[in-house]
Amino acid sequence: MTLEIGVLGYRFIGKAHANAMARLPMFFPDAPEIERSVLVGRDEDALTEAADRLGFASISTDWCEVVDDVDVFYNLGPNHVHREPSVAALEAGTPVFCEKPLAPTLEEADAMAEAARTAGDDVPAGCAFNYRFVPAIQYAKALLEDGDLGEIRHVRGRYLQDWLVDPEAPWSWRNDAELAGSGALGDLGAHTVDLLRFLVGSDDLAGGIERVSGHLKTFVDERPVEGDDETRPVTVDDAYAAHLEFENGAMGTIEASRFATGHKNDHTIEIHGSNGSLRFSLERLNELEVLREGDRGYETILVTDESDPYVDHWWPPGHVLGWEHTFVHENYEFLSAVANGHEFEPNFDDGLAAQQVLDAIERSDDRGEWVSP
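Cut-offs applied
Residues numbered from 1 in each chain as written. Predicted model: local features only at pLDDT ≥ 70, side-chain atom pairs only at ≥ 80, totals over all residues. Heavy atoms only, no water. Helix = DSSP H or I, 4+ residues; strand = E, 2+ residues; numbered from the N terminus. Buried < 20%, exposed > 50% of the residue type's maximum accessible area, 1.4 Å probe, protein only. Polar contact = N/O pair within 3.5 Å; in protein donor to acceptor, adjacent residues only side chain to side chain. Contact = heavy atoms within 4.5 Å. Pairing = 2+ DSSP bridges. Axes fitted to C-alpha atoms, helices over the stretch in contact; angles between N-to-C directions. Parallel < 35°, antiparallel > 145°, perpendicular 65-115°, else oblique. Left-handed = near helix turned anticlockwise from the far one by under 90°. Nonpolar A, V, L, I, M, F, W, Y, C, P; charged D, E, K, R; others polar. UniProt positions renumbered as here; feature names shortened; annotations may be inferred. Salt bridge = Lys/Arg side-chain N within 4 Å of Asp/Glu carboxyl O. 1 Å grid on protein atoms, 1.4 Å probe; cavity = no way out; pocket = protein on both sides within 12 Å on 5 of 7 lines; lining within 4 Å. Points joined across faces, edges and corners; volume = space filled by probe spheres on them. Domains from an automatic or database assignment. Buried area = accessible area lost by both parts, 1.4 Å probe.

Inspection of the secondary structure puts aspartate 162 in the loop between β7 (152-160) and α6 (177-180). Under the relative-accessibility criterion, aspartate 162 is labelled buried at 15%. A polar contact of 3.0 Å, which involves the side chain of aspartate 162, links it to the backbone nitrogen of glycine 262. With residues up to four places along the chain from it excluded, the contact list for aspartate 162 reads Arg258, Ala260, Thr261, Gly262, His263 and Lys264.

Attention shifts here to the sheet that holds strand β2 (residues 34-40). Pairing in this open sheet of six strands is parallel, and the strands run β3-β2-β1-β4-β5-β6 from one edge to the other. At either margin of the open sheet sits one strand with a lone partner, and together these are β3 (58-60) and β6 (125-127). When the angles between neighbouring strand axes are averaged without regard to direction, this sheet yields 20 degrees. In this sheet, strand β4 (residues 72-75) lies alongside strand β1 (residues 3-8) in parallel orientation, the contact comprising four bridges. Bridge pairing links valine 7 to tyrosine 74 in β4. In this fold helix α1 (residues 12-27) packs onto β1, β2, β4 and β5 (96-98), with an angle of close to 165 degrees to the strand it touches most, β2.

So, about the packing of α1 against helix α8 (residues 323-340). Between α1 and α8, the shortest axis-to-axis distance is 8 Å and the interhelical angle comes to 65 degrees. Comparing their axes, α8 and α1 come out roughly perpendicular. α8 is crossed by α1, and the crossing has right-handed handedness. In this structure, α1 contributes Phe12, Ile13, Ala16, His17, Asn19, Ala20, Met21, Arg23 and Leu24 to the contact, and α8 contributes Trp323, Glu324, Phe327, Val328, Glu330, Asn331, Tyr332 and Leu335. Counted by class, the contact of α1 with α8 contains 11 nonpolar, three polar and three charged residues.

UniProt feature "domain: GFO/IDH/MocA-like oxidoreductase" (unreviewed entry): in the numbering of this structure it lies at residues 137-279. Helix makes up 21% of residues 137-279 and strand makes up 36%, while its end C-alpha atoms are separated by 10 Å.

Turning next to the pattern of salt bridges. With the rule as written, the count across this model stands at 19 salt bridges. Arginine 132 is the salt-bridge partner of aspartate 350, the closest N and O atoms lying 3.8 Å from each other. Placement of aspartate 350 in helix α9 (residues 348-367) and of arginine 132 in the loop between β6 and α5 (135-145) is noted, with a sequence separation of 218 residues between them. As far as the burial class goes, aspartate 350 and arginine 132 line up, both buried. Between glutamate 270 and arginine 156 there is a salt bridge; the shortest N-O distance is 3.8 Å. Taken together, the residues glutamate 270 in strand β13 (residues 266-273) and arginine 156 in strand β7 connect sequence positions 114 residues apart. Connected via shared salt-bridge partners are Lys100, Arg174, Asp187 and Arg258.

On to the layout of surface pockets, then. Where empty space is left becomes clear once a probe the size of a water molecule has been rolled over the atoms. Considering only enclosed or pocket space, the largest pocket measures out at about 1,200 Å³ in volume. What lines the largest pocket is a set of 39 residues, and nearest its centre among them are Leu76, Gly77, Pro78, Trp173 and Arg174. Looking at the lining of the largest pocket, you find at least three residues from each of domain 1 (3-130) and domain 2 (135-284 + 286-321). In this structure, the second largest pocket encloses a volume near 270 Å³. Taken together, 16 residues make up the lining of the second largest pocket; nearest its centre are Arg197, Phe198, Gly201, Asp350 and Ala353.

To continue, consider the side chain of serine 277. Inspection of the secondary structure puts serine 277 in strand β14 (residues 276-281). For serine 277, the side chain forms a polar contact with the side chain of histidine 272, separated by 2.9 Å. Once residues within four sequence positions are removed from consideration, serine 277 is found in contact with Leu149, Ile271, His272, Glu289, Val290, Leu291 and Tyr298.

Looking now at the domain arrangement of the protein chain. Under the domain assignment, the protein chain is made up of domain 1 (3-130) and domain 2 (135-284 + 286-321). On the domain 2 side, the residues contacting the 12 residues of domain 1 number 14 residues. The largest share of the area that domain 1 buries against domain 2 comes from Phe27, Phe28 and Phe129, three residues that together contribute 42% of it. Inspection of the domain 1/domain 2 interface yields one salt bridge. One salt bridge connects aspartate 187 with lysine 100, and the closest N-O pair in it is separated by 2.9 Å. In this assembly, domain 1 and domain 2 are joined by four residue pairs in polar contact (both at pLDDT 80 or more).

Written out as structure tokens, the structure is:
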């Protein structure tokens, strides 16, 4: 059976997923057969050009006509269009893959997760946390689950970018609370929160996040509209920082910024346990730094061996992978779950769990006190 796929969105993330779909049969021969069936957007001319370039058979300017007419629906649009098409697809029995954060608000994320539960386990609903599928992250998870680090005591995560340092950088939907929900918090913090939940969230490691203390900051209050003389207000955060307390008593600190001069896409995770530690940076995504009990310093492990997660599908040892490969792994797992009727993680409940933490950070900033997710 060939899965016909409909995709809403064709810019940055749309291209990443279209590229992943094209690579699947070349490198993952056991992946289900798929057809990039229909590309969805608002501008018919731009859609036509994008469909031709990205390999889609047709276009549509109305997602309502698509969600119950395809086998799988990808919602890769801006945050404010996540809920309605995704819920409609699930109600039609169509598996959904939705970009992160799951929604602009906790209320909308809760409605989406409820729709996924109602649809049932045989209708997978995936949330796009692609960094779970980095081989080095999968390697790190195995070390943690094997108990190599001992009792988890410190967890740190930061996601730093600098694309908004210039106050003349143009306004976009990502600067608007109605469209995006939040700024660096939702766009970048969602990834960090999900990775921490994925790596140490089990009961025998750090467990759940019990309370948070957060701080948000907007550095530039308005930005110019590209091609126009007007400016528009910035109504989201440019940066956030938060302290976390985990169920087992571990301490956590997380932060993100779009104003971290000199950092392009620096997502770093550190975990310290009673018997060892590990460090990961997205800017060196083929490497994992590991300190084991008795070591005098960190060992840098190049996670490119054939025995490492997903690597046997690609190149000989030492031939490194890139950011775009995480989408291939993610699409392989999600589409295989759809074809085989299996559950997929991260799912909408995982997206909701991340959103609960993000919402708690915002509430903490508003109240000036610790709050629970």
